[in-house]
Amino acid sequence: MRKKTSINLLALFAVLILGAGMVFVAYKRIAIDTDLARSLPTGDPVIADGIHIFEKNPIKDQIAIDIGGVEEDEETLLAAAELVEAELKESGLIAQVGSQPMHRALADLADHVIHHLPVLFSAGELERDVAPLLTDERIDQALVQARDELYRMDGIGQAKSLAADPLGLRNIVLSRLAPLNPAPGASILHGRILSADRGHVLVLATPKGSGTDTAVARDLSRFFGDLEQKVGRQFDGKIVLTPTGAYRAALDNETIVKKDVHRAILWATVGIGILLLAAFSRPLVGILALLPALAGTVMAFFVFSWLRDSISIMVLGFGGAIISITVDHGIAYMLFLDSDAGSGRHGASREIRAVGLLAVLTSVGAFGALAFSGFAVFEQLGLFTAMGIGFAFLFVHTVFPRILKTGQMEAPSPRKRFSRLVDLLASGGKAALIMALLAAVALGVFAKPRFNTDLKTMNSVSPATRKADETMAAVWGDIFSSVYLMTEAGDLDDLQAKNDRLLEQLDTEAYAGGIEKPVTPSLFFPGRGQCADNGDAWRRFWFPQRIQAVSAAIVEQGSTLGFTHGAFAPFLGAIAADPPAETEIPAAVMPLLGISRDDTDGSFRQMTRITPRGHFDGQRFFARISPLSSVFDPALFSQRMGHLLFVTFSKMLLIIGVSLIVLLTIFFADLGLLLTSLLPLVFAFVCTLGTLGLMGRPLDIPALMLAVVILGMGVDYTLFLVRGYQRYQRFDHPHFTVVRTAVVMAAASTLVGFAVLLTADHGLLKSAGWIGFLGIGYCLAGALLLLPPLLKRRFEGPRQNSGEIEARYGNMEPYPRMFARYKLRMDPLFDELAELVPRNGAIANIMDVGCGYGVPACWMAERYPMATIFGFDPRKERVRVASLALGERGHVRIGSAPDLPPMDVLVDLVTMLDMSHYLQDWELEKTLERIHERLLPGGRLIMRSVLPRSARLHWTWYLEHFRIKRKGMSVCYRDSGELAAILQRCGFEVTGNRLSGKREDMVWHVAKPM
């Protein structure tokens, strides 16, 4: 029979309302973080620099629009570009459009170069680039070119420039801008950038808001959608717009992950609900098993919102899996209620707490260990999941029993096919064990971890965005083929000084063949130190004889070409004058050189693009440049990421593995059980890695969860089965059947949660799905195929040293096992009792009042092999342990003095050990009277009683006092005389009296009925 279960609708309604309120408050308090790059650890300087550049790059929000679709129709392309730029300006979303500001910056830069030539050449450059231009022939050629430029239309207004630089030295300096060309072969046509194949035009735009702001991204996406349609209509579909930028990735990430989150939570809940309906005899009972998991997840989200300002959307995406992870205790609780194995809500709570507490501790500990992963997203995931598991466990044992009410008894429902299937799966025996081990050996051949460090997998984008990025890379170049530097300074003087030192290092790399010479501000705006060095070189280069010879050649050949005598006086004066002491970077030129100002703190940042060459050494380059600038080298970044993933993977495995072994050692206190419990975990680890290897799936960031999934979650199934065997001692025990069913149900629900993630569009969520699905699946397979034959051999096989008392407790939980061990070794009770019990071995029945865990009862069973032991104790757990320990030699029942359960036999010996002080005088007398009734004539009563406290207290007194106070009990200590008097009043004759133990704080009384 089982107790009928009903629902407290008022309590259920209150829980649902409170949960909805928690979700509402949490969503209002916390921000959803969609930038997964922030989850990367910053302990490694290479990765830290890369993340810093990702976050602070001033051009990260820039939008690039490729206009193509027609070949060699430049007029149509330019018309389309003009329309696009006009629409961008009118949209209200764009702060800056087109390249016109760059053209103005180029003009300002050219003017600056002309008037600062003396400080723009090093000594080597003067000898290599300038000296060959000073021959009479080259001077004549330069002047002829200058005259021709003046005659052309585009030469109007160039007279001052030619007068200040007739030899074209400015062209040498301005040619240093060539690396800024966005793509090889690109050119400028009517102020717009034209691709090398002359079939594409590039339009650049800067949005007013941040491109990673999803609200801004949505507005931009709608705008470009409308713009594409308008351009298509106006140009009859000949023009194709391809906008790219950070806004697309940000919007795709939010859209994809949110869709995955909603789908994961919805289908995980639906799938688990269907599973529960199939396994429970009453559908409503099955659905309610979800409540603790949902409550735990909601409470974790609520508390998390008070601890952190933001939560990664990946953690929320894992929320569906968290529901399935925490559902096991709810399932176990409801299975006990739904079967005839339990004894109501409190009995169900007691049983699952006994077998499941260790599983909760290991899961919480494993997820808590993610705090040491170094990955922000996994630190969040660990905290969130650990709280979810803990809150779900507390909900099961505190709130859940108040929602469910048990009433009158009803007949049990027929056993479900699901439970029979579970028993069948766990009954494979040695054949299943051997087959599983062979499968592990076969898959172990492929278990070679290979890590994926592709940065593009950090954020998932839509196919349309991926295609747009491919088009942009094909036409204008792949940004991931370059190295990027970001130099920061509080003011421009400091920035120029840093750039001078940076230029020196970059020149060394360029001369060594490691990189192409890049564009840096110091090439055009050197700092004071560089100005002084270049100025000195200029003065040394223009020694008097060279000045005289060049001046004469320019004047003479200029006159021949029609120039006036003083036409080039500005240049001739500059080569003889003192060079300027410093240069100042105009605000209009800053964007051209990649310099921007931070609006928040006023500091300056400058981006420099580096093109590696054949002899480029990323590690050496980083070591050389990183003291001056932040460096992002995609190849080195990926290499370090791979190393970091491997190290973190190994560290997590070590931390969780060691923690797990320590916990299991403490809780099992048995080397054999420890090794048996670890076997399914090793099996799951090898098989998961082997399967991933067969699938060709490399390990990425979610692979760090593998150790947590297997060692933290999968170990639960092992612990449930091992603790179940310890508690129930045999495979066919009805309670153990419930535990096994709960294990398979919990694993199946978790597999449903991870299986839903396999349908995710986001790469990291899908990878997490594969890791979780395979890891949990193999953990369940290991628990069902490997453990039953091994545990059955240990728990149900022939007991070794069965004659020893400790052997009776050898397969039990650690506490009663350790209690028996230390009771036997440290308590003088047994040596003293041997002197007090009858020496006659012909004793048939013995009664032990307050038998506890049954250690003295087992001692008497060993001393009197033919006797039957009758034990009584008010605590159900102690009765269970004592019954298992005595086995067929005794009968242990729940009974509290003085209301002892009835017996149908009289006994030869009664023991009352260390329990009389828990009884008031009337209770003790009533108990002794009933014992007197059950003793045979000539029988014997043996009591050991605790004496009143002495002046010098032992530490055990304080421990006992704390226990008594915590449980609200009252005690009544009596001295030896008082006890003897009570015995005499109850019809006993005291035949023996002696103190017990070295402390003499207890006393023995031996009595017989008068």
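Residues numbered from 1 in each chain as written. Predicted model: local features only at pLDDT ≥ 70, side-chain atom pairs only at ≥ 80, totals over all residues. Heavy atoms only, no water.

Asker: So what's going on with unusual backbone geometry? Which residues, and what values?
Answerer: Looking along the chain, the bond that leaves A897 and enters P898 is cis, with omega of 10 degrees. For P898, the position within the fold is in the loop between β17 (890-894) and β18 (907-913). At D914, a residue that is not glycine, the phi angle is positive and equals roughly 60 degrees. Note on placement: D914 falls in the loop between β18 and α38 (921-934). (Helix = DSSP H or I, 4+ residues; strand = E, 2+ residues; numbered from the N terminus.)

Asker: Explain helix α2 (residues 45-56) to me, using residue names and the numbers behind them.
Answerer: Taking 1.5 Å of rise per residue, 12 residues should cover 16 Å, and α2 covers 16 Å from first to last C-alpha, within 8% of that figure. Taken together, the buried positions of α2 are occupied by V46, I47, D49, G50, I51 and I53. Of the surrounding elements, those touching the buried residues of α2 are β11 (483-489), β13 (604-610), α26 (618-625), β14 (630-632) and α27 (634-668). (Expected span 1.5 Å × (residues − 1). Buried < 20%, exposed > 50% of the residue type's maximum accessible area, 1.4 Å probe, protein only. Contact = heavy atoms within 4.5 Å.)

Asker: Account for the UniProt feature "coiled-coil region" (unreviewed entry) in the protein chain, with residues named and values stated.
Answerer: Per the UniProt record, "coiled-coil region" (unreviewed entry) is found at residues 485-512. Counting secondary structure, residues 485-512 comes out at 71% helix and 18% strand; the distance between its end C-alpha atoms is 19 Å. (UniProt positions renumbered as here; feature names shortened; annotations may be inferred.)

Asker: Please give an account of a negative patch on the surface that cites residues and values.
Answerer: Taken together, the side chains of D136, E137, D140 and E556 make up a negatively charged region of the molecular surface. Among the secondary structure elements, D136 is positioned in helix α6 (residues 136-151). (Patch = residues over 30% accessible without salt bridge, like charges linked within 9 Å, V, L, I, M, F, W, Y side chains within 5 Å. Areas by Shrake-Rupley, 256 points an atom, 1.4 Å probe, with all protein chains shown as cover. Salt bridge = Lys/Arg side-chain N within 4 Å of Asp/Glu carboxyl O. Lys, Arg positive; Asp, Glu negative; His and termini not counted. Charge placed at Lys NZ, Arg CZ, Asp CG, Glu CD.)

Asker: Hey, could you go over the packing of aromatic side chains for me, with residue numbers and the actual values?
Answerer: The description of an aromatic ring pair uses the distance of the two centres, along with the angle that the planes make with each other. The full count for this structure, using the stated rule, is 21 aromatic pairs. Each ring, one from F563 and one from F568, has its centre 4.9 Å from the other, and the planes form 55 degrees; the classification is tilted. Pair check on accessibility: F563 and F568 agree, each one buried. Relative to Y778, the ring of F683 lies with its centre 6.2 Å away and its plane at 80 degrees, an arrangement referred to as edge-to-face. Placement of the pair is F683 in helix α28 (residues 671-695) and Y778 in helix α31 (residues 763-785), with a sequence separation of 95 residues. Exposure remark for F683: the relative accessible area of 6% places this residue in the buried category. Taking the ring centre of Y853 as reference, the NZ or CZ of R878 above it sits at 5.1 Å. (Phe/Tyr/Trp six-rings, centres within 6.5 Å; stacked < 30°, edge-to-face > 60°. Lys NZ or Arg CZ within 6 Å of the ring centre and 35° of its normal.)

Asker: Can you lay out the pattern of salt bridges for me, pointing to particular residues and giving the numbers?
Answerer: This model, assessed by the stated rule, comprises 31 salt bridges. Close ionic contact of E125 with R176 constitutes a salt bridge, the shortest N to O distance being 3.2 Å. Separated by 51 residues along the polypeptide, E125 in helix α5 (residues 123-130) and R176 in the loop between α8 (169-174) and β5 (187-189) bring together distant segments of the chain. A salt bridge links D827 to K823; the nearest nitrogen and oxygen atoms lie 2.9 Å apart. With respect to class, D827 is no different from K823; both count as buried. One network of salt bridges, with partners in common, ties together E125, R176, D507 and K517.

Asker: With reference to specific residues and values, describe the pairing of β11.
Answerer: Most of β11 is tucked away: 6 of the 7 residues are buried. Direction of pairing for β11 relative to β13: antiparallel, over a ladder of 7 bridges. Paired with A489 across the strands is F604, a residue of β13. Sheet topology places β11 next to β14; 3 bridges connect them, and they run antiparallel. The partner of M486 across the bridge, within β14, is S630. (Pairing = 2+ DSSP bridges.)

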